[in-house]
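Below, each chain spelled out in residue letters.
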Amino acid sequence: MPRPTWDEYYMTIAREVATRSTCLRRSVGAVLVRDKRLLATGYNGSPRGLAHCETVGCMREKLGIPSGERHELCRALHAEQNAILQAATYGVPIQGATLYCTTHPCSLCAKMLINAGIEKIFIAEGYPDEFARSLLREAGIPVIES
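This one's a predicted model, so the numbers in the text were calculated from it and none came from an experiment.

**Student:** Explanation requested: the overall build of the protein chain in the structure shown.
**Tutor:** Broken down by element type, the protein chain carries six helices and five strands. For the protein chain, the spread of C-alpha atoms along the principal axes amounts to about 40 × 35 × 30 Å. Residues classed as buried in the protein chain amount to 42% of the 146 residues present. Look at the contacts in the protein chain between residues 6 or more apart in sequence, and 55% of them connect residues 24 or more apart. Carbon and sulfur atoms make up 53% of the accessible area of the protein chain, which totals about 8,200 Å². On the protein chain, the mean spot of the 17 positive side-chain charges and the mean spot of the 15 negative ones are 5 Å from each other.

This is how it looks when you write it as structure tokens:
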């Protein structure tokens, strides 16, 4: 078996992180990396200490909200948000980092990633949020599907 590239290696870790997700609709994992060093990870799930969607159900599903819309009605934080928060909690600077994420960031996460100084994003699959793509393009942050 050939040795994976660094990008393949970190995307594999992001996929493994996604297995911790408690979302009923989509399991997402995110990894922040700089200088070939893993800085923080995150997966989508309810805030610390609150019931998970697995227990209380999915409000977005109950309301029939399509994927990519009305993010504020989701009980969970997104994987990218949790990775940023993990870094902040432990005082790990992420400016200049690369994000490896199993799904393209939504517009809320895109804005956070832009302000956090993320320089490049690798994704495994797309997400129906054209506004997020346009924000990242305008910010000059390349998004590479791997």
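**Student:** Would you mind going over the pairing of strand S1 (residues 29–34) with me for this structure?
**Tutor:** Each regular strand shows side chains that alternate between the opposite faces of the sheet. Of all six residues that make up S1, five are buried, and the element is covered over most of its length. Between S1 and the antiparallel strand that follows it, strand S2 (residues 37–43), lie two residues; Asp 35 among them carries a positive phi value of about 55 degrees.

**Student:** What am I meant to see in the pattern of salt bridges here?
**Tutor:** Counting across every chain of the model gives five salt bridges. Note that Glu 72 and Arg 70 form a salt bridge whose closest N and O atoms lie 2.6 Å from each other. Residue Glu 130 is joined to Arg 133 by a salt bridge in which the shortest nitrogen-to-oxygen separation is 3.1 Å. Here the residue Glu 130 and the residue Arg 133 both occupy positions in helix H6 (residues 130–138), the gap between them amounting to three residues, near one helical turn. The class for Arg 133 is partly exposed, based on a relative accessible area of 26%. Sharing partners across several salt bridges, the network here consists of Glu 130, Arg 133 and Arg 137.

**Student:** For this particular structure, what's the right way to read the environment of Gly 68?
**Tutor:** Here Gly 68 is to be found in the loop between helix H3 (59–63) and helix H4 (79–89). By relative accessible area, which is 14% here, Gly 68 ends up buried. Counting along the chain gives 20 residues from Gly 68 to Ala 88, while the straight-line C-alpha distance between them is 26 Å. Not counting the four nearest positions on each side in its chain, Gly 68 is found in contact with Arg 60, Tyr 127, Pro 128 and Asp 129.

**Student:** It is not clear to me how the nonpolar core should be interpreted in this structure. Could you clarify?
**Tutor:** Note that soluble globular proteins tend to have their nonpolar side chains buried in a common cluster. Counting 22 residues, the largest nonpolar core has Ala 30, Leu 32, Ile 94, Leu 99, Leu 113, Ile 118 and Ile 121 as its most contacted members. Mapped onto this core, the elements with two or more residues apiece are S1, S2, H4, strand S3 (98–101), helix H5 (107–116), strand S4 (120–123) and H6. With four residues, the top contributor of residues to this core is H4. Contacts of Ile 94, omitting those with residues within four sequence positions, involve Leu 32, Arg 34, Leu 39, Ile 84, Ala 87, Ala 116, Gly 117 and Ile 118. With eight residues, the next largest nonpolar core counts Ala 14, Val 17, Tyr 100 and Phe 122 among its residues.

**Student:** I'm lost on the packing of aromatic side chains in this one. Help?
**Tutor:** The description of an aromatic ring pair uses the distance of the two centres, along with the angle that the planes make with each other. Under the counting rule described, the total for this entry stands at five aromatic pairs. Here Trp 6 and Tyr 10 contribute two aromatic rings whose centre-to-centre distance is 5.9 Å and whose plane-to-plane angle is 20 degrees, an arrangement assigned as stacked. Highlighted residues: Trp 6 and Tyr 10, both in helix H1 (residues 6–18), separated by four residues, approximately one helical turn. A relative accessible area of 4% places Tyr 10 in the buried class. Look at Tyr 10 and Tyr 100: their rings are 5.4 Å apart centre to centre, the planes differ by 40 degrees, and that puts the pair in the tilted class. Of the two residues, Tyr 10 sits in helix H1 while Tyr 100 sits in strand S3, which places them 90 residues apart along the sequence. For the residue pair Tyr 10 and Tyr 100, the accessibility class agrees, reading buried in each case. Feature note: the residues Trp 6, Tyr 9, Tyr 10, Tyr 100 and Phe 122 constitute an aromatic cluster, connected by ring pairs.

Scoring rules and cut-offs
- Residues numbered from 1 in each chain as written.
- Predicted model: local features only at pLDDT ≥ 70, side-chain atom pairs only at ≥ 80, totals over all residues.
- Heavy atoms only, no water.
- Helix = DSSP H or I, 4+ residues; strand = E, 2+ residues; numbered from the N terminus.
- Buried < 20%, exposed > 50% of the residue type's maximum accessible area, 1.4 Å probe, protein only.
- Contact = heavy atoms within 4.5 Å.
- Areas by Shrake-Rupley, 256 points an atom, 1.4 Å probe, with all protein chains shown as cover.
- Lys, Arg positive; Asp, Glu negative; His and termini not counted.
- Charge placed at Lys NZ, Arg CZ, Asp CG, Glu CD.
- Pairing = 2+ DSSP bridges.
- Salt bridge = Lys/Arg side-chain N within 4 Å of Asp/Glu carboxyl O.
- Core = buried A, V, L, I, M, F, W, Y, C linked by side-chain atoms within 4.5 Å.
- Phe/Tyr/Trp six-rings, centres within 6.5 Å; stacked < 30°, edge-to-face > 60°.

None of the figures reported here should be taken as evidence of function without further support.
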